[in-house]
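One-letter residues, chain by chain:
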Amino acid sequence: MSFQLPNLPYSYEALEPVISREIMELHHKKHHQGYVTNLNSSLEGYQKLQAENKIDGMIALQKAINFNGGGHFNHTLFWENLAPKGEGGEPQGQLLKSIEHYFGSLDKMIEEMSAKTAAVQGSGWGWLALDPQKKCLRVATCQNQDPLSTQGLIPLLGIDVWEHAYYLQYKNVRPDYVKAIWQIINWKTVNERFEKAHSK
């Protein structure tokens, strides 16, 4: 069984003017597809090496599996937590109460997450996450395509700050992209993720 590129729940132009059709097509069809293709290839090679009991080769492939697997997983979450303007709803219920408890207000959470996400050095991600041990919300960042699970956290809302996510439109002004993306957050999905994670 191989991994597949997921279909987007909206058209490529649906997130304009915040994210252009050109960026969405390149990001989804080229970058995400590349992670899926390379993940499947790496896993196939890993299985072959495992059958041959070649542990050195298996170890060598771990980096490619982590990078491409993280890229596939992170992007799948990313597409789901975006929605056309006016369709994403607002934080509600226990999620909103938790945001207000741990950050003071929704605006303060957005301010903290935006600052930390824009400050990621090089390529990476900013996340609103649930700490399953402490049952608290946190803002966290990851380098490259490292999945948030490597920090023991459950992802609720992610912002991709690889240059391919914004450069064609926002050039080198990453903070403008991070500020704008809050207009197209799918809070319905974030609410659902929070409720599912919090109930475990």
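Scroll up for the structure.
What counts, and where the lines are drawn
- Residues numbered from 1 in each chain as written.
- Predicted model: local features only at pLDDT ≥ 70, side-chain atom pairs only at ≥ 80, totals over all residues.
- Heavy atoms only, no water.
- Helix = DSSP H or I, 4+ residues; strand = E, 2+ residues; numbered from the N terminus.
- Buried < 20%, exposed > 50% of the residue type's maximum accessible area, 1.4 Å probe, protein only.
- Phe/Tyr/Trp six-rings, centres within 6.5 Å; stacked < 30°, edge-to-face > 60°.

Asks: Help me understand unusual backbone geometry in this model?
Replies: Among all residues except glycine, the phi angle is most often negative; among peptide bonds, the trans geometry is most common. Note that the residue after glutamate 16, namely proline 17, is joined by a cis bond; omega there is 5°. Inspection of the secondary structure assignment puts proline 17 in the segment before helix H1 (21–51). One non-glycine residue with positive phi stands out, namely lysine 171, at about 55°. With respect to the helices and strands, the residue lysine 171 is situated in the loop between helix H5 (167–170) and helix H6 (174–181). By relative accessible area, which is 45% here, lysine 171 ends up partly exposed.

Asks: Before we go on, may I ask you to explain the environment of glutamate 16 in this structure?
Replies: Here glutamate 16 is to be found in the segment before H1. Along the primary structure glutamate 16 and glutamine 50 are separated by 34 residues, whereas in three dimensions their C-alpha atoms are 46 Å apart.

Asks: Before we go on, may I ask you to explain the side chain of arginine 193 in this structure?
Replies: Residue position: arginine 193 is located in helix H7 (residues 187–198). The exposure class of arginine 193 is buried, given its relative accessible area of 12%.

Asks: What is the right way to read the packing of aromatic side chains from this model?
Replies: Any aromatic ring pair is given by two values, namely how distant the centres are and how the planes are angled relative to each other. Across all of its chains, the model carries 8 aromatic pairs by this definition. Taking 5.6 Å as the distance between ring centres and 85° as the angle between the ring planes, the aromatic pair formed by phenylalanine 78 and tryptophan 125 counts as edge-to-face. Of this pair, phenylalanine 78 sits in helix H2 (residues 55–80) while tryptophan 125 sits in strand S1 (residues 124–131), and the two are 47 residues apart along the sequence. Of the two residues, phenylalanine 78 and tryptophan 125, neither departs from the other in class, the shared state being buried. Put simply, the rings of Phe78, Trp79, Trp125 and Trp127 touch in pairs and so form one group of aromatic residues.

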